[in-house]
Amino acid sequence: MGYILFISGGELVLVMLLALLFFGAKAIPDIAKTLGKGMREFKKATNEIKREFDEHTSDIKRDINEVKSTVNRETNKIKHDLDEVSSTVDKETNQIRKDLEDVSKPLEETPEPKKEIKDHPED
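Observations regarding the overall build of the protein
Then comes step 1: Across its full length, the protein carries two helices and two strands.
Then comes step 2: The linear arrangement of helices and strands in the protein, starting from the amino end, is β-β-α-α.
Then comes step 3: Put simply, the protein has 123 residues, and 2% of those count as buried.
Then comes step 4: Of the roughly 12300 Å² of accessible surface on the protein, 63% is carried by carbon and sulfur atoms.

Written out as structure tokens, the structure is:
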């Protein structure tokens, strides 16, 4: 069974008959015309509100996109700078490691002097 706005078919017919009796057959087309105009005006106002809302939100969306691109650009710049610093630190660390290895090699290669062990304690 079909329902329109929670009104069944029988209830709808009853309401239409009451409107016909109350307003008369000549007034019903005028009432329908007035309701149609009201619905058009309501739809027009709704569309106008949607258009203004979209217009204002497009400005906000554009601003958000600008901020997003600026943040991305700055983030990429920071990443690049950090990569450069990391590379420099790695190079310097490797150089220090190499220098330490070079310094420690002669020490490892030279034999330690032998210690003489004395059998007699000194008197």
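Read on, since the account is not over.
Some points on a nonpolar patch on the surface
Then comes step 1: The grouping of Phe-22, Phe-23, Ile-31 and Leu-35 at the surface amounts to a nonpolar patch, some 440 Å² of accessible area in total.
Then comes step 2: When contributions to the nonpolar patch are tallied by element, the ones reaching two or more residues are helix H1 (9-23) and helix H2 (27-109).
Then comes step 3: For Phe-23, the location among the structural elements is in helix H1.
Then comes step 4: What makes Phe-23 partly exposed here is its relative accessible area of 45%.

Digging into the packing of aromatic side chains
Then comes step 1: This model, assessed by the stated rule, comprises one aromatic pair.
Then comes step 2: Between Phe-22 and Phe-23, the ring centres sit 4.9 Å apart and the planes meet at 80°, which makes this aromatic pair edge-to-face.
Then comes step 3: Overall, Phe-22 belongs to the exposed group, its relative accessible area being 67%.

Quick word on the pattern of salt bridges
Then comes step 1: Applying the stated rule across the entire model yields three salt bridges.
Then comes step 2: Between Glu-55 and Arg-51 there is a salt bridge whose closest N-O contact spans 3.1 Å. Of the two residues, Glu-55 and Arg-51 are both situated in helix H2; the distance of four residues between them amounts to about one turn of the helix.
Then comes step 3: The exposure class of Glu-55 is partly exposed, given its relative accessible area of 42%.
Then comes step 4: As a salt-bridge pair, Arg-62 and Asp-59 come within 3.3 Å of each other at their nearest N and O atoms. Of this pair, Arg-62 and Asp-59 both sit in helix H2, three residues apart, roughly one helical turn.
Then comes step 5: Judged by its relative accessible area of 33%, Asp-59 falls in the partly exposed class.

Some points on H1
Then comes step 1: Taking 1.5 Å as the rise per residue, H1 with 15 residues should run 21 Å; its terminal C-alpha atoms sit 21 Å apart, in good agreement.
Then comes step 2: Positive backbone phi, approximately 90°, marks Gly-24, located one or two places after H1.

Each value, and the rule that gives it
- Residues numbered from 1 in each chain as written.
- Predicted model: local features only at pLDDT ≥ 70, side-chain atom pairs only at ≥ 80, totals over all residues.
- Heavy atoms only, no water.
- Helix = DSSP H or I, 4+ residues; strand = E, 2+ residues; numbered from the N terminus.
- Buried < 20%, exposed > 50% of the residue type's maximum accessible area, 1.4 Å probe, protein only.
- Areas by Shrake-Rupley, 256 points an atom, 1.4 Å probe, with all protein chains shown as cover.
- Patch = residues over 30% accessible without salt bridge, like charges linked within 9 Å, V, L, I, M, F, W, Y side chains within 5 Å.
- Salt bridge = Lys/Arg side-chain N within 4 Å of Asp/Glu carboxyl O.
- Phe/Tyr/Trp six-rings, centres within 6.5 Å; stacked < 30°, edge-to-face > 60°.
- Expected span 1.5 Å × (residues − 1).

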